[in-house]
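# What the coordinates show
Chain by chain, the residues:
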Amino acid sequence: MAEGSWFDGFQGGPFLGRWNSRGRAMTFQVWGWRREDASQVLAWVPDAEGGRGAAMPRRTPATKDPTAVERANLLNMAKLSIKGLIESALSFGRTLDSDYPPLQQFFVVMEHCLKHGLKVRKSFLSYNKTIWGPLELVEKLYPEAEEIGASVRDLPGLKTPLGRARAWLRLALMQKKMADYLRCLIIQRDLLSEFYEYHALMMEEEGAVIVGLLVGLNVIDANLCVKGEDLDSQVGVIDFSMYLKNEEDIGNKERNVQIAAILDQKNYVEELNRQLNSTVSSLHSRVDSLEKSNTKLIEELAIAKNNIIKLQEENHQLRSENKLILMKTQQHLEVTKVDVETELQTYKHSRQGLDEMYNEARRQLRDESQLRQDVENELAVQVSMKHEIELAMKLLEKDIHEKQDTLIGLRQQLEEVKAINIEMYQKLQGSEDGLKEKNEIIARLEEKTNKITAAMRQLEQSSSLSFTQS
């Protein structure tokens, strides 16, 4: 093969090499790969710092699985694409757009990775082999992906499933959720088996490694215009010239590192300036809010002072009215006190007279009780002395005369007691506080009167019996 010609045959995978005119050696200068014999296959060996390692030669077994080599090649290309995109984006120092070459190559590499091992779906008219099917499955596994799926389906310029899949990848990158979406997809291998063969990259460990590498893209800010871009007719070809380096590029590595450091410092200063600007704006807004609150507080203070003055005037008026009411109340209390004292004196005098009348009635009742006892004794003597009737009759007549005199006196006393009771009843009607005590006295006196009346009746009956017996 002549110098400068290209070939496609790196272990059956889509990789390009170049022959030189000096011998049978093939030169690869892809970020740490070294020049080795064409009959050997390069294997990646990372260095101690985890950076660009040296490529160690090893013999490829004749029976090695071609699909495994394809997965390894796609994984290496994904590593190179993601690493180059991150480094170039950080050195670029601003938001990426659709025309940025490393970003375009990243989407091409991702498209090849997703197409690897994809099953062919038969339809009535043709065979269908597209990556839109598994990407559309993400909506069922990750609820937050429903919005991006709806946005892709609503785009007017997309007519093919492949165009929708390319738009989906671009929107997922802008949302910084591509790694999360694909992670939910690769863990559901039973669902992926409907779209991929068992040896596909998405079904093996290489798919998980690529998903892990996609997390690093969250540091990139991209602003991609998906609506006006023709995604249906784009040709997904990997441009290996972006990842092949010559000796001059290797010599300029230190200068690129310095430029990257300067850009990092510039980004740090810009970020610091942005934070300070945001702090100043927040302080200005806080000062404005404090001024507004201060104005409101001053207005509320003025209103409060006016209310205090009104309340003080009302308080003074209420105090003057309270003093007038207090003076009137004191005068009324004095008049009421004099009236109460007068009524109290009247009540004391009336009660003293009632007490005297009560004591007199009690004395008379005691005398009457004693007289009744004497009469009962005399009746007992008369009963016991029936055998001396003649002598007793004389004594009885004498006694009857004495008893009649006594009855006359008792009747007089009874009339006096009745008069006293009537007088006491009339006095009791005029006195409210002593009504209960007077009623008790009247009841007792009436009871005694009834007893005296009963005793008189008994004496009259006994006298009539004695008269009839004689």
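Residues numbered from 1 in each chain as written. Predicted model: local features only at pLDDT ≥ 70, side-chain atom pairs only at ≥ 80, totals over all residues. Heavy atoms only, no water.

Looking at an unreviewed UniProt entry, the protein chain carries the name RUN and FYVE domain-containing protein 2 isoform X8, with the source organism given as Ursus maritimus.

### Focus: the UniProt feature "coiled-coil region" (unreviewed entry) in the protein chain
The UniProt entry lists residues 287-321 and 358-462 under the feature "coiled-coil region" (unreviewed entry), expressed in the numbering used here. End C-alpha atoms of residues 287-321 are separated by 50 Å, and the span's content is 100% helix alongside 0% strand. (UniProt positions renumbered as here; feature names shortened; annotations may be inferred. Helix = DSSP H or I, 4+ residues; strand = E, 2+ residues; numbered from the N terminus.)

### Details of the side chain of E206
Looking at the secondary structure, you find E206 in helix α8 (residues 205-214). In this view, E206 contacts R71, L75 and L201; residues no more than four positions away in its chain are not counted. (Contact = heavy atoms within 4.5 Å.)

### A short note on the nonpolar core
Ranked by internal contacts, the top residues of the largest apolar core, which has 63 residues, are L103, F106, W168, M178, Y196, L214 and L217. When residues of this core are traced back to their parent elements, those giving at least two are α1 (66-92), α2 (101-115), α3 (132-141), α4 (146-154), α5 (161-175), α6 (178-186) and α8. Not counting residues up to four positions away in its chain, the partners in contact with L217 are I82, L85, I86, F106 and L173. Membership of the second largest hydrophobic core comes to 6 residues, among which are V375, L407, L410 and M456. (Core = buried A, V, L, I, M, F, W, Y, C linked by side-chain atoms within 4.5 Å. Buried < 20%, exposed > 50% of the residue type's maximum accessible area, 1.4 Å probe, protein only.)

### Some points on the environment of A200
On the secondary structure map, A200 appears in the loop between α7 (189-192) and α8. Under the relative-accessibility criterion, A200 is labelled buried at 0%. As a C-alpha pair, A200 and K119 span 81 residues in sequence and 9.3 Å in three-dimensional space. Among all residues touching A200, those that are not within four sequence positions of it are R71, H116 and G117.

### Some points on the environment of K403
Within the secondary structure, K403 is located in helix α11 (residues 389-430). Here K403 falls in the buried class, since its relative accessible area comes to 14%. A C-alpha to C-alpha distance of 9.1 Å links K403 and S463, two positions 60 residues apart in sequence.

### Examining the packing of aromatic side chains
Under the defined criterion, the tally for this structure stands at 3 aromatic pairs. Ring geometry for Y142 versus Y181: centroids 5.3 Å apart, planes at 70°, classification edge-to-face. Remark: Y181 occurs in helix α6 and Y142 occurs in the loop between α3 and α4; sequence separation between them is 39 residues. In this structure, Y142 and Y181 share a single accessibility class: buried. Where W168 meets Y181, the ring centres are 5.6 Å apart and the plane angle is 50°; that geometry is what we call tilted. One end of the pair, W168, is in helix α5; the other, Y181, is in helix α6, and 13 residues separate them in sequence. The class of Y181 is buried, set by a relative accessible area of 1%. Clustering of aromatic rings is evident, with ring pairs tying together Y142, W168 and Y181. (Phe/Tyr/Trp six-rings, centres within 6.5 Å; stacked < 30°, edge-to-face > 60°.)

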